[in-house]
Amino acid sequence: MVRAPLTSRPLDFLYFCFFLIHIPASLLLDFQILYPSAYLPSFLLALRQWYITFSADPLISAAARGDISGELVWFRCFAWLEVLFQFPTFFLGMRGLWNGSHSIYVLIVAYGASTATTTLPCIFYILKEHSRMTAVQQIILLSSYIPFFIIPLMMAVDMGFRVYKIIVSTEVKQKKA
């Protein structure tokens, strides 16, 4: 069976692009909290400082200060989840979507549910810490975090329905046989 090109599958194309743009964001910013600043190249430290100054992100700011072992220990756990599960899924998901493979659907369901679940507390933390930022910074932050909640949630729901349709179709074929 010949698969339709990725560009003719709008949601798959959106998911592919989402995974693709998430790779540099993870490598350049998100993963910094997992290792000591002394081991970071100066350009990454400068990028992080620029981002903190620009956005006043309370999560990245706390991580830069080394202040995520107490109340924000969950944020460090989410970063490890991103490294160990979500980051490899970017590549597997892109390959599966590019090839039009249905076998990738289950992994994308898990990724979408995991990512939406870990991003939502970050959004609520930003809302809680609104007094530490200007209104413009809060809008910038929310406009950068919310798509990383909505698109993975869409993935989980969409791929869940796709898996459901495959299961139902298989069951109908088995009953006819």
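All of these numbers come straight from a predicted model, not from anything done at the bench.

Participant: Please clarify how the overall build of the chain should be interpreted in this entry.
Facilitator: Secondary structure assignment for the chain yields seven helices and zero strands. Listing every helix and strand of the chain by position from the N terminus yields α-α-α-α-α-α-α. The principal-axis extents of the C-alpha atoms in the chain amount to approximately 65 × 30 × 30 Å. By the burial criterion, 41% of the 177 residues in the chain qualify as buried. Partitioning the contacts of the chain with sequence separation of at least 6, the portion at a separation of at least 24 is 70%. Accessible surface computed for the chain: about 10,100 Å², of which carbon and sulfur atoms make up 72%. Each charge sign in the chain was given a centre, from 13 positive and 9 negative side chains, and these centres are 11 Å apart.

Participant: Just to check I follow, could you spell out the packing of aromatic side chains for this structure?
Facilitator: The geometry of an aromatic ring pair is captured by two quantities: the separation of the ring centres and the angle between the planes. For the structure shown, the criterion picks out 13 aromatic pairs. Ring centres 5.4 Å apart and planes at 65 degrees place the aromatic pair Trp74 and Phe78 in the edge-to-face group. Here Phe78 and Trp74 lie together in helix α4 (residues 73-99), a separation of four residues that amounts to about one turn. Relative accessible area serves as the criterion here: at 21%, Phe78 is assigned to the partly exposed category.

Participant: Please clarify how the packing of helix α5 (residues 105-128) against helix α6 (residues 135-145) should be interpreted in this entry.
Facilitator: Helix-helix packing is characterised by the crossing angle of the two axes and by the distance between the axes. Viewed as axis vectors pointing N to C, α5 and α6 meet at an angle of 175 degrees, and their least axial separation amounts to 10 Å. Between α5 and α6, the crossing angle belongs to the class labelled roughly antiparallel. Along the contact surface, α5 presents Thr119, Cys122, Ile123, Ile126 and Leu127, while α6 presents Gln138, Leu141, Leu142 and Tyr145. Tallied by class, the residues present in the contact of α5 with α6 amount to seven nonpolar, two polar and no charged.

Participant: So what exactly am I meant to see when it comes to the packing of α5 against helix α7 (residues 147-176) here?
Facilitator: Two elements in contact, α5 and α7, have axes whose closest approach is 7 Å; the angle formed by their N-to-C orientations is 150 degrees. As judged from the angle between their axes, α5 and α7 are roughly antiparallel. In this structure, the crossing between α5 and α7 has a hand that is left-handed. Here Tyr105, Val106, Ile108, Val109, Tyr111, Gly112, Ala113, Thr115, Ala116, Thr119, Leu120 and Ile123 of α5 lie close against α7, whose contacting residues are Phe148, Phe149, Pro152, Leu153, Met155, Ala156, Met159, Gly160, Arg162, Val163 and Ile166. Residues that form the contact of α5 with α7 fall into these classes: 18 nonpolar, four polar and one charged.

Participant: Is there a simple way to explain the state of the cysteines in this structure?
Facilitator: Linking two cysteines covalently through their sulfur atoms gives a disulfide. Counting across every chain of the model gives zero disulfides. Here Cys77 stays unpaired: no disulfide links it, and the sulfur of Cys122, its closest cysteine neighbor, is 12 Å away. Cys77 sits in the partly exposed class, given a relative accessible area of 47%.

Participant: Looking at this structure, how should I read α7?
Facilitator: Along an α-helix, residues three or four positions apart point the same way, because every turn accommodates 3.6 residues. If you check α7, its first and last C-alpha atoms are 43 Å apart, about what 30 residues at 1.5 Å a residue would give, namely 44 Å. By the burial criterion, the buried members of α7 are Phe149, Ile151, Pro152, Met155, Ala156, Asp158, Met159, Arg162 and Val163. Where α7 is buried, its residues contact α1 (10-28), α4, α5 and α6.

Participant: Would you explain the side chain of Thr119 in this entry?
Facilitator: Positionally, Thr119 belongs in helix α5. With relative accessibility at 8%, the residue Thr119 sits in the buried group. When near neighbours in sequence (up to four residues on either side) are disregarded, Thr119 contacts Tyr145, Phe148 and Phe149.

Participant: Explanation requested: α1 in the structure shown.
Facilitator: In this model α1 runs 28 Å from its N-terminal to its C-terminal C-alpha over 19 residues, within 8% of the 27 Å that 1.5 Å per residue would give. Within the sequence span of α1, burial applies to Asp12, Tyr15, Phe16, Phe18, Phe19, His22, Ile23 and Ser26.

About the criteria used
- Residues numbered from 1 in each chain as written.
- Predicted model: local features only at pLDDT ≥ 70, side-chain atom pairs only at ≥ 80, totals over all residues.
- Heavy atoms only, no water.
- Helix = DSSP H or I, 4+ residues; strand = E, 2+ residues; numbered from the N terminus.
- Buried < 20%, exposed > 50% of the residue type's maximum accessible area, 1.4 Å probe, protein only.
- Contact = heavy atoms within 4.5 Å.
- Areas by Shrake-Rupley, 256 points an atom, 1.4 Å probe, with all protein chains shown as cover.
- Lys, Arg positive; Asp, Glu negative; His and termini not counted.
- Charge placed at Lys NZ, Arg CZ, Asp CG, Glu CD.
- Phe/Tyr/Trp six-rings, centres within 6.5 Å; stacked < 30°, edge-to-face > 60°.
- Axes fitted to C-alpha atoms, helices over the stretch in contact; angles between N-to-C directions.
- Parallel < 35°, antiparallel > 145°, perpendicular 65-115°, else oblique.
- Nonpolar A, V, L, I, M, F, W, Y, C, P; charged D, E, K, R; others polar.
- Left-handed = near helix turned anticlockwise from the far one by under 90°.
- Disulfide = S-S within 2.5 Å.
- Expected span 1.5 Å × (residues − 1).

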